[in-house]
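Results of the structural survey
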Amino acid sequence: MPAISSSAPGKIILCGEHAVVYGQPAIALPISDVQTRCVILAKPNAITRQVLVKDHAFGLDTDLSSLKPEHPIRKTIESVLTELSIDHLPACEVQIHSTIPHSGGLGSSASIAVALTRATANFLGHPLEDIIVNKIAFEIEKLHHRTPSGIDNSVIAYAKPVFYMKDTPIELLKLDHPMVLLIADSGIKGSTAKAVDLVRKRWKSSPIEFEGYFVEIGGIALKIKRLLQTGDLEEIGELLTNNHQLLKEIGVSLPELDHLVDVAIRSGAYGAKLSGGGMGGNVVALVPPDTAAQIRSNLLRSGAAHVLVARISPPARR
């Protein structure tokens, strides 16, 4: 039996993080410049039902049965088996390769869940629809982040820009104009779960104030949704910067993130903001294509650990 493989992109939240947990809209984009690839190799001569797991990013090399029941990899595979009403995997080796930085706000956990779900289902000869892949990945995200919004698994499962509101149907967005984003890693590991818990505590202590912040952030997402169709990048950039100021107000930015935002804007970016949970992680800057290289260089000189250039292109016209 040939090796079965499946890939899934990373993601970036363009706007709406944190507020999305409280029912406001958010927009996320798939980032194919980084991705997870899962490969499953049949091992017909191995011990019956033995499933070896090798996750190169985490240095994991073990038997599936030795993982704790709630380990995300084991839980993902078992969720697929449950979905397909199959009681076990044939003997095989599961390999996970990822170029997505862990805890960097680029959706590494959701990307692994999506790639592994698809590879497992395909290996068993029963490919799953996107809606089922997304459902399984969302359950796995709960293991990582406790109360995830659902946006990461959605944009990665569908591999298309999404306009997302909790408990409403996913809206896939069609971009009509190309965009160039710089994703600058602050070098500080963030924790989405900790950031979400912090915001929840502050919201409980000042509900009226924080509801106001969430509504403003949601309003920005609605405006950007419309502007993505017109390609008004300058106005989108201004709104992204406004979004960052609101994220500062709710307490999830850091001086290092603020500095990178300022450097990007002073260097000619249309706008910039932290992306994801905050308290570390990435800054995303919307930039003119012809100055992307210079702005990237300035960000690196100003403390960014890495800067990824992501080019978001509209679908090819037929």
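Preceding this section is the structure that the text describes.
Each helix and strand counted, the protein has nine helices and 11 strands in total. Its C-alpha radius of gyration of 20 Å places the protein within 12% of the 20 Å reference for a compact globule of 318 residues. Taking the principal axes of the C-alpha coordinates as reference, the protein spans close to 60 × 45 × 40 Å. Counting across all 318 residues of the protein, residues that qualify as buried make up 52%. The long-range fraction of contacts in the protein, counting pairs at least 24 apart against all pairs at least 6 apart in sequence, stands at 72%. Counting every atom, the protein has about 14,200 Å² of accessible surface; 53% of that belongs to carbon and sulfur. The averaged location of the 32 negative side-chain charges in the protein is 3 Å from the averaged location of its 32 positive side-chain charges.

Another point: the pattern of salt bridges. Tallied over the entire structure, the rule returns 11 salt bridges. With a closest N to O distance of 3.4 Å, Asp-152 and Lys-11 form a salt bridge. Here Asp-152, found in helix 4 (residues 151-158), pairs with Lys-11, found in strand 1 (residues 4-15); they are 141 residues apart in sequence, far enough to count as distant. Overall, the relative accessible area of 15% leaves Asp-152 in the buried class. Assessed through its relative accessible area of 2%, Lys-11 is described here as buried. One salt bridge in this structure joins Glu-93 and Lys-43, with 4.0 Å as the shortest N-O distance. With Glu-93 in strand 5 (residues 92-98) and Lys-43 in the loop between strand 2 (26-42) and strand 3 (51-55), the pair connects residues that are 50 residues apart, well separated along the chain. Residue classification places Glu-93 among the buried positions, given a relative accessible area of 7%. Residue classification places Lys-43 among the partly exposed positions, given a relative accessible area of 31%.

A separate point is the sheet that holds strand 8 (residues 179-185). Taken in spatial order, the four strands make up an open sheet running 9-10-8-11, and their pairing is antiparallel. Pairing within the sheet leaves two strands with one partner each, and these edge strands are strand 9 (271-275) and strand 11 (306-312). Averaged over all pairs of adjacent strands, the angle between strand axes in this sheet comes to 25°, irrespective of strand direction. Across six bridges, strand 8 lies against strand 10 (residues 282-287) in antiparallel orientation. Bridge pairing links Leu-181 to Leu-286 in strand 10. This element, helix 7 (residues 233-249), spans strand 8, strand 9 and strand 10 of the sheet and lies at about 40° to strand 9. Where helix 8 (residues 255-266) meets the sheet, its contacts fall on strand 8, strand 9 and strand 10, and the angle it forms with strand 9 comes to roughly 155°.

As for its placement among the helices and strands, Leu-181 is situated in strand 8. Judged by its relative accessible area of 0%, Leu-181 is buried. When the C-alpha atoms of Leu-181 and Ala-293 are compared, they prove to be 11 Å apart, with 112 residues separating the residues in sequence. Among residues more than four places away in sequence, those in contact with Leu-181 are Ile-12, Leu-14, Leu-29, Val-284, Ala-285, Leu-286, Leu-308, Val-309, Ala-310 and Ile-312.

Taking 1.5 Å of rise per residue, the 13 residues of helix 1 (residues 72-84) would be expected to cover 18 Å, and the 18 Å separating its terminal C-alpha atoms lies within 8% of that figure. For helix 1, every residue scored as buried is listed here: Pro-72, Ile-73, Arg-74, Thr-76, Ile-77, Val-80, Leu-81 and Leu-84. Looking one or two residues beyond helix 1, the residue adopting positive phi is Ser-85, at roughly 55°.

Reported here for the largest pocket is a volume of approximately 520 Å³. Elements supplying a minimum of two residues to the lining of the largest pocket: strand 1, helix 2 (108-123), helix 3 (130-145), helix 4 and helix 5 (192-205). In terms of residue class, the lining of the largest pocket is built from eight nonpolar, 24 polar and four charged. In this structure, the second largest pocket encloses a volume near 320 Å³. Pro-30, Ala-159, Lys-160, Pro-161 and Ser-313 are, among the 16 residues lining the second largest pocket, the residues nearest its centre.

In this section: the side chain of Thr-120. Mapped onto the secondary structure, Thr-120 falls in helix 2. Under the relative-accessibility criterion, Thr-120 is labelled buried at 0%. Ignoring anything within four residues of it in the chain, the contact list for Thr-120 reads Ile-40, Ile-77, Val-80 and Leu-89.

Further remarks concern the pairing of strand 1. For strand 1, the tally of buried residues reaches 10 of 12 residues, placing the bulk of the element in the interior. By the bridge criterion, 11 bridges tie strand 1 to strand 2 in an arrangement that is antiparallel. Bridging across to strand 2, Ser-6 finds its partner in Cys-38.

Moving on: unusual backbone geometry. The phi angle at Ser-85 is positive, at roughly 55°, despite the residue not being glycine. Mapped onto the elements of the fold, Ser-85 is located in the loop between helix 1 and strand 5. One non-glycine residue, Met-279, adopts positive backbone phi at about 55°. For Met-279, the position within the fold is in the loop between strand 9 and strand 10. Relative accessible area serves as the criterion here: at 30%, Met-279 is assigned to the partly exposed category.

What counts, and where the lines are drawn
Starting from 1, residues in each chain are numbered consecutively following that chain's sequence as written. Given that the model is predicted, a residue must reach a pLDDT of at least 70 before its local features are reported, and side-chain atom pairs must reach 80 or more before they are shown or counted; all residues, however, enter totals for whole chains, interfaces and linings. Calculated side-chain values reflect all of the structure's heavy atoms, with hydrogen atoms and water omitted. Put simply, DSSP H or I for four residues or longer makes a helix, DSSP E for two residues or longer makes a strand, and each gets a number counted from the N terminus. All radius of gyration figures rest on C-alpha atoms, and the globule criterion is 2.2 Å times the number of residues raised to 0.38. With a 1.4 Å probe rolled over the protein chains alone, any residue whose accessible area is under 20% of its type maximum counts as buried; one over 50% counts as exposed, and the rest are partly exposed. Between two residues, a contact is recorded if the distance between any of their heavy atoms is within 4.5 Å. Computed with the Shrake-Rupley method and a 1.4 Å probe, the accessible areas treat only the protein chains shown as cover for residues. By the counting rule applied here, Lys and Arg register as positive and Asp and Glu as negative, while His and the ends of each chain are not counted. The location of each charge is read from NZ of Lys, CZ of Arg, CG of Asp or CD of Glu. A carboxyl oxygen of Asp or Glu within 4 Å of a side-chain nitrogen of Lys or Arg is what we treat as a salt bridge. Here the rule is simple: two strands pair whenever DSSP picks up at least two bridges between them. A fitted line through C-alpha atoms serves as each axis, taken over the contacting stretch for helices, and the angle formed by two N-to-C directions is quoted from 0 to 180°. An expected span of 1.5 Å times one less than the residue number is assigned to each helix. Cavities and pockets are defined on a 1 Å grid built over the protein atoms alone: a cavity is a set of grid points where a 1.4 Å probe fits but cannot escape, while a pocket is an open set with protein on both sides within 12 Å along at least five of seven lines, and lining residues are those with an atom within 4 Å of any such point. Grid points are joined across faces, edges and corners, and a volume is the space filled by probe spheres set on the points. All residues other than Ala, Val, Leu, Ile, Met, Phe, Trp, Tyr, Cys, Pro, Asp, Glu, Lys and Arg, Gly among them, are scored as polar; the first ten of these are nonpolar and the last four charged.

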